[in-house]
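So you can see what is in the structure, the chains are spelled out below.
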Amino acid sequence: MLLSACTDFNVRTALPPDAASVQGQATRNLYDIVFVIGVAIFVLVEGLILFAVLRYRRKSGDDELPPQIHGNNRLEIIWTAIPIAIVLSLFVLSWQTLNTVDAHTPTPPVRIGVVAYQWQWQFVYAPDGVAWQDCNAPANAGKCVTVFGTPPAGGDRTNWTPPTMHVPVNETVELQMHSIDVIHSFYVPAFLYQRDITPGRDQVIQFTADRIGTYRGQCTQFCGLYHQFMEFQVKVESKADYTAWLQQELTPPPSPSPSPAPSGPAGSPGASAAAGASVTLQLTASGIAYDKTDLTAPANTPFSILFANNDAGIPHNVSIHAGSAGGTEVFRGEIFSGVGTRTYAVPALPAGTYTFACSVHPNMTGTLTVK
Amino acid sequence: MATTALRPAATYRTGAYDWLTTTDHKKIGILYTFNSLILFLVGGIFALAVRTELAQPGLQFMTESTYNQMFTMHASVMIFWVVIPFLAGFGNYLVPLMIGAPDMAFPRINALSFWLLPLSALIALLGFPLGGAAAEGWTSYSPLAQSKFSSGVGTDLWIVALTLVGTSSILGAINFIVTIFKMRAPGMTLFRMPVFVWTILVTSVLVLMGTPVLTSALIMLYIDRNFGGSFFNTALGGGNAILWQNVFWFYSHPAVYIMILPAMGIVSEVLPTFSRKPLFGYKAFVFATAGIGALGFSVWAHHMFTTGTVYLPFFSLMTFLIAVPTGVKMFNWVATMFRGKLRFTTAMLFAVGFLSLFLIGGINGAILAAVPVDYHVHATYFIVAHIHYVLFGGSIMGIFAGLYYWWPKMFGRKLNEGLGKIHFVGIFIGMNLTFFPMHLLGLSGMPRRIADYSATAGWNDLNLLATIGGFTIAVSMLPFLWNIFITFRGGEPAGDDPWEGNTLEWATSSPPPPYNFDHLPPIRSERPVFDLRHANDVPALTAGH
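Please read all numbers here as calculations on a predicted model, not as lab measurements.

A. Just the sheet that holds strand β6 (residues 184-188) of chain A, in detail. Residue and element names in this part refer to chain A. What the 5 strands build is an open sheet, ordered β4-β10-β9-β6-β7; its pairing is mixed. Looking at which strands have only one partner, the edges of the open sheet turn out to be β4 (164-168) and β7 (193-197). For this sheet the average axis-to-axis angle between neighbouring strands, irrespective of direction, equals 20°. When β4 meets strand β10 (residues 231-237), the two strands line up parallel, connected through 5 bridges. Paired with M165 across the strands is V234, a residue of β10.

Here it is in structure tokens:
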């Protein structure tokens, strides 16, 4: 009966996936019991219907009235009492499981901030003693690891990796979940668990993953236009791998990177632009929209974009695509959460029409004319 | 009433003016039926659009924006303009006939209740030409439904339209309750009323208690969107997004019973007639109906298990308990067929189809009452499967049973049985092909309301199967529509009582005269027409219960 076509799921069975967490296993055990009882009732009643349909069809020419039975109190008491007994025991059973699934430890070894917004995820790893909400504070610069999700370019998932949450195996992980805009929902099928994230009501959940692997996750609360792109992954790895990943993320990337270190917001933008850039374009994001829909830049000359993100807590950037938004990406600026400013040094581009867009918000676009 | 009673016998082709101005409950019932049927086709086209897009990975036919409008309007149309008014239409047509009354208590209000429906449907659909219909899902959760995130006029039109539908329902419910309590014929005690009338009575009480809550919530949402209100808007101080879910589901969960109880009532009329037996356990049935109605108001937060804001054990327990009266009904229906002499007309096939499909919707509903299981499948296609086994396998099958059963009474001609059986087989197979795979998709974690799923998630083949099923349902509607057409052109004359029915509507002509009855048979049990037919049989056969 079990066809394990994928690593995560038994898609073709009437069973949930094999649980990859302690809590998920408890839910799975409960499901198996409820399912078996459900199937038994289904077979019994459907069998009775089928029996009646086959056994009691009226023969042609038979015009005699069958016995006019109006009811039977004993039978009716039986088929009221037995279902009550069944549902009450199922209720007790599911309440017990609920207490296991929702149990919280006061000192989880791993805490991760989860920020949901239209239409991506952000996973924030803060060191002990620092709340993930404070990671943007200047005093905590370089101490936190933030994973930003970006939707697939042009909606094509072929070469796209959704944002990945790394967690160590066999350790209790606490997610502190926050929504910036509308209601989202954090769902990992392999954990058999989901929780809505309502703005103004941060949610805390805990789980203990017990199987190494990468598991699919997705937002399950419809959150607007590009809801479909709010996928993510949870990578459950050994403690050593997890620590190594965290260390690697904390180390600043080697310097010849496509997007240079930001010039200070106080600096004079013209003077501090990257070497060779003679033109600086200004662009502002606020209310999940750019303030301009058209930009013009000189051809075959590097230029810079002074980009201000005025949306508090919401990540934006500027990326440039040849032709339409689905075209080849020729430049991607660093994604950062507002409020803040970055100066992007854009390499020389041949003359033509380009689209600039936010990698996080596919509906934030504009036209860049290079001539 | 005196003037209507002096009119000559029913004439049903007196022109558009008569239909536009009628206050005859039968004509209004027929208007409800056809309005709902047309909108059933509209809502069906939206569903086919969704299924077509999901047939294979990638967006081939529409943008996310169109897709979101399609599933939002599919659910809205089917719930508010198809299932609820379809059943209210049966109520309009049948309740006065079944209790031996000449009309509804308030005929003009009755006409108003109906005319609000096509008007509101047009308002909701007007969103499409005006820049996009509502696209937040039929649940329209805040803050997504706030103007900041959904600025389109489609959402405002949707709110206005639903407010009008709510008004229509409330007026109709008052009308039903007064009619049932004040206008029953002599001898028609409450416990001799047909079970269908009981289900309409309980439904009307649910509407009267629930619908004003939704209607006020919609007005609050409108204020939020247009006048800077802060009821559900978390961006402004004091707004509470969870409050919307509470008031929305306080109506919308009982709405599920509003959509299923009258269908149960239809099945409870059809099964006894074609089994040639009385309904098994009439009183148990009435109490179970009232029990479902009462419990129905204590389970709304089972839609909110994953919000982390409700007291889970209470709502879990009540949800489990509501399975009990539903189970009682199921056993009573099966017992009605036992030792009967079953005649498989199309109406009977749809009624038996109701039993076997609604059973699945009941069982997977009880599975969802287990909170941890709901944590896993909430907002996945498991829920989509569940609601369609209840509302399609249940309500729609019941509605078709009722159409085939009462069509001869409404128009004096029987629908063609051969085409009817083709219709049944097609819709039964298509229904299961479409919705059964959704259980498996949901259990493996496929969320609903997603325009395009990852091709590597392992959901492609079952999605394709569901799409094939959807088109099977669509094709199965063709023999039905053809059947209506040829029956109007010249179907088999029905006579007053083509099925050997039990209840009073079969004691008058088909179609009945405007004043319904020339004279009423004596009413000494819940089956007055049966008693009349078998008045000369052995007394033991006709004795009441």
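B. Structural view of the pairing of strand β2 (residues 120-125) of chain A. Residues and elements named next belong to chain A. The buried count for β2 comes to 6 of 6 residues, which makes it a mostly enclosed element. Going residue by residue along β2, you find Q120, Q122 and V124 tucked away on one face and W121, F123 and Y125 tucked away on the opposite face as well. The sheet contact formed by strand β1 (residues 110-117) and β2 spans 6 bridges and is antiparallel. From the neighbouring strand, A116 faces β2, where its bridge partner is W121. Joining the antiparallel neighbours β1 and β2 is a turn of 2 residues. With 4 bridges joining them, β2 and strand β3 (residues 145-148) adopt antiparallel strand pairing. Its bridge partner being in β3, Y125 is matched across the sheet by V145.

C. Local environment of the nonpolar core. Ranked by size, the top nonpolar core spans 243 residues in total, and within it V197, V267, V270, F350, A351, F354 and A401 of chain B carry the most contacts. Among the domains, domain 1 (1-53 + 72-103) and domain 2 (110-250) of chain A are the pair contributing at least three residues each to this core. Core analysis: the second largest hydrophobic core is formed by 22 residues, L283, Y290, A297 and V346 of chain A among them.

D. Highlighting helix α16 (residues 460-490) of chain B. All names here are of chain B. With 31 residues, α16 should cover 45 Å at 1.5 Å per step; its first-to-last C-alpha distance of 46 Å lies within 8% of that length. Looking at α16, one finds that the buried residues are L462, N463, A466, T467, G469, G470, I473, F480 and N483. Buried residues belonging to α16 abut α3 (25-54) and α15 (417-443).

E. Seen up close, the packing of helix α14 (residues 381-411) of chain B against α15 of chain B. Residues and elements named next belong to chain B. In contact at an axis separation of 7 Å, α14 and α15 are set at 165° when each is read in the N-to-C sense. By the angle between their directions, the pair α14 and α15 is classed as roughly antiparallel. Between α14 and α15 the crossing geometry is left-handed. Contact residues: Y381, F382, I383, V384, A385, H388, Y389, F392, G393 and Y404 in α14; G420, M431, F435, M438, H439, L441, G442 and L443 in α15. Residues of the contact of α14 with α15, tallied by class, amount to 13 nonpolar, 5 polar and no charged.

F. Molecular detail of the packing of helix α4 (residues 64-98) of chain B against α14 of chain B. All names here are of chain B. Packing of α4 against α14 brings their axes to within 11 Å, and their N-to-C directions diverge by 30°. The angle between α4 and α14 places the two elements in the roughly parallel class. You can see that α4 and α14 cross each other, and the crossing is left-handed. For the pair formed by α4 and α14, the contact residues are V83, F86, L87, F90, Y93 and L94 on the first element and L391, S395, I399, G402, W406 and M410 on the second. Looking at the contact of α4 with α14 residue by residue, the class counts come to 10 nonpolar, 2 polar and no charged.

What counts as what
- Residues numbered from 1 in each chain as written.
- Chains lettered and ligands numbered in written order.
- Predicted model: local features only at pLDDT ≥ 70, side-chain atom pairs only at ≥ 80, totals over all residues.
- Pairing = 2+ DSSP bridges.
- Helix = DSSP H or I, 4+ residues; strand = E, 2+ residues; numbered from the N terminus.
- Axes fitted to C-alpha atoms, helices over the stretch in contact; angles between N-to-C directions.
- Buried ≥ 20, exposed ≤ 12 C-beta atoms within 10 Å, placed from the backbone.
- Core = buried A, V, L, I, M, F, W, Y, C linked by C-beta atoms within 7 Å.
- Domains from an automatic or database assignment.
- Expected span 1.5 Å × (residues − 1).
- Contact = placed C-beta atoms within 7 Å.
- Parallel < 35°, antiparallel > 145°, perpendicular 65-115°, else oblique.
- Left-handed = near helix turned anticlockwise from the far one by under 90°.
- Nonpolar A, V, L, I, M, F, W, Y, C, P; charged D, E, K, R; others polar.

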